[in-house]
Amino acid sequence: MEETQAVATATTTKEEKTLPDFRAGDTVKVHYKIIEGDHTRIQPFEGIVICRHGSDVSKTFTVRRIAADSVGVERIFVLKSPNIDKIEVLKHGKVRRAKLYYLRDKVGRAAMRIKELKQVK
């Protein structure tokens with residue numbers, strides 16, 4: 001029996017972005033386009049990915065960081081959003097859970113303490 005391989009061809013006019021592989025526990029920097037009136041600028045948001053949700057086009061991920069005065073800030077991003085300029089994976093975290101909601105109860109340095117799996121260059 002001969003195996004046949006199906007070749008998928010993309011006929012979309014938009015350029016498909018290649019996003020890095022990341023999961024819960026990874027520290028990422030998301031470069032997000034902010035539209036202010038006539039101007040657009042790119043604002044980075046750096047933090048730990050605490051969860052990924054959804055399927056297909058509606059995939060989302062939540063990034064949490066500690067802002068000034070030890071206040072936790074979470075932001076939900078749509079993975080296929082045209083407003084995401086790029087995603088940088090700064091380090092991979094060694095975690096054993098898919099959802100890291102327990103980090104919401106941690107304060108200060110303890111909230112960011114996740115062992116590093118390997119260095120990303």
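Remember, it's a predicted structure, so these values are computed and weren't measured experimentally.

## Focus: the nonpolar core
And step 1. Phe22, Val28, Val30, Phe61, Val63, Phe77 and Ile87 are the most contacted members of the largest nonpolar core, which has 14 residues in total.
And step 2. Take this core: its biggest share by element is 4 residues, from strand β1 (residues 27-36).
And step 3. Counting 8 residues, the second-largest nonpolar core is a separate cluster that includes Cys51, Val95, Leu103 and Ile114.

## Notes on the pattern of salt bridges
And step 1. Summed over all chains, the structure comprises 4 salt bridges.
And step 2. Between Arg41 and Glu36 there is a salt bridge whose closest N-O contact spans 3.1 Å.
And step 3. Note on Arg41: relative accessible area 38%, which makes it partly exposed.
And step 4. By relative accessible area, Glu36 is classed as partly exposed at 43%.

## Examining the packing of aromatic side chains
To describe a pair of aromatic rings, you give the distance between the ring centres and the angle between the ring planes.
And step 1. Taken as a whole and judged by the stated rule, the model has 4 aromatic pairs.
And step 2. On the numbers, 5.0 Å between centres and 70 degrees between planes, the contact of Phe22 with Phe61 is edge-to-face. Here Phe61 lies in strand β3 (residues 60-66) and Phe22 lies in the segment before β1, a separation of 39 residues in the sequence. One exposure class covers both Phe22 and Phe61, and it is buried.
And step 3. Above the face of the Phe22 ring, Arg52 is positioned so that its terminal group lies 4.6 Å from the ring centre.

## Quick word on a positive patch on the surface
And step 1. A cluster of basic side chains, namely Lys94, Arg96, Arg97 and Lys115, defines a positive patch on the protein surface.
And step 2. In this fold, Arg96 is placed in the loop between β5 (84-93) and β6 (116-119).
And step 3. For Arg96, a relative accessible area of 86% translates into the label exposed.

## Observations concerning the side chain of Arg64
And step 1. Examined against the element boundaries, Arg64 turns out to sit in strand β3.
And step 2. A polar contact of 3.1 Å, which involves the side chain of Arg64, links it to the side chain of Glu74.
And step 3. Sequence-distant contacts of Arg64, defined by excluding residues within four places in its chain, comprise Gly47, Ile48, Ile50, Gly72, Val73, Glu74, Leu103 and Arg104.

Rules of the game
- Residues numbered from 1 in each chain as written.
- Predicted model: local features only at pLDDT ≥ 70, side-chain atom pairs only at ≥ 80, totals over all residues.
- Heavy atoms only, no water.
- Core = buried A, V, L, I, M, F, W, Y, C linked by side-chain atoms within 4.5 Å.
- Buried < 20%, exposed > 50% of the residue type's maximum accessible area, 1.4 Å probe, protein only.
- Helix = DSSP H or I, 4+ residues; strand = E, 2+ residues; numbered from the N terminus.
- Salt bridge = Lys/Arg side-chain N within 4 Å of Asp/Glu carboxyl O.
- Phe/Tyr/Trp six-rings, centres within 6.5 Å; stacked < 30°, edge-to-face > 60°.
- Lys NZ or Arg CZ within 6 Å of the ring centre and 35° of its normal.
- Patch = residues over 30% accessible without salt bridge, like charges linked within 9 Å, V, L, I, M, F, W, Y side chains within 5 Å.
- Areas by Shrake-Rupley, 256 points an atom, 1.4 Å probe, with all protein chains shown as cover.
- Lys, Arg positive; Asp, Glu negative; His and termini not counted.
- Charge placed at Lys NZ, Arg CZ, Asp CG, Glu CD.
- Polar contact = N/O pair within 3.5 Å; in protein donor to acceptor, adjacent residues only side chain to side chain.
- Contact = heavy atoms within 4.5 Å.

On their own, these measurements won't tell you what the molecule is for.
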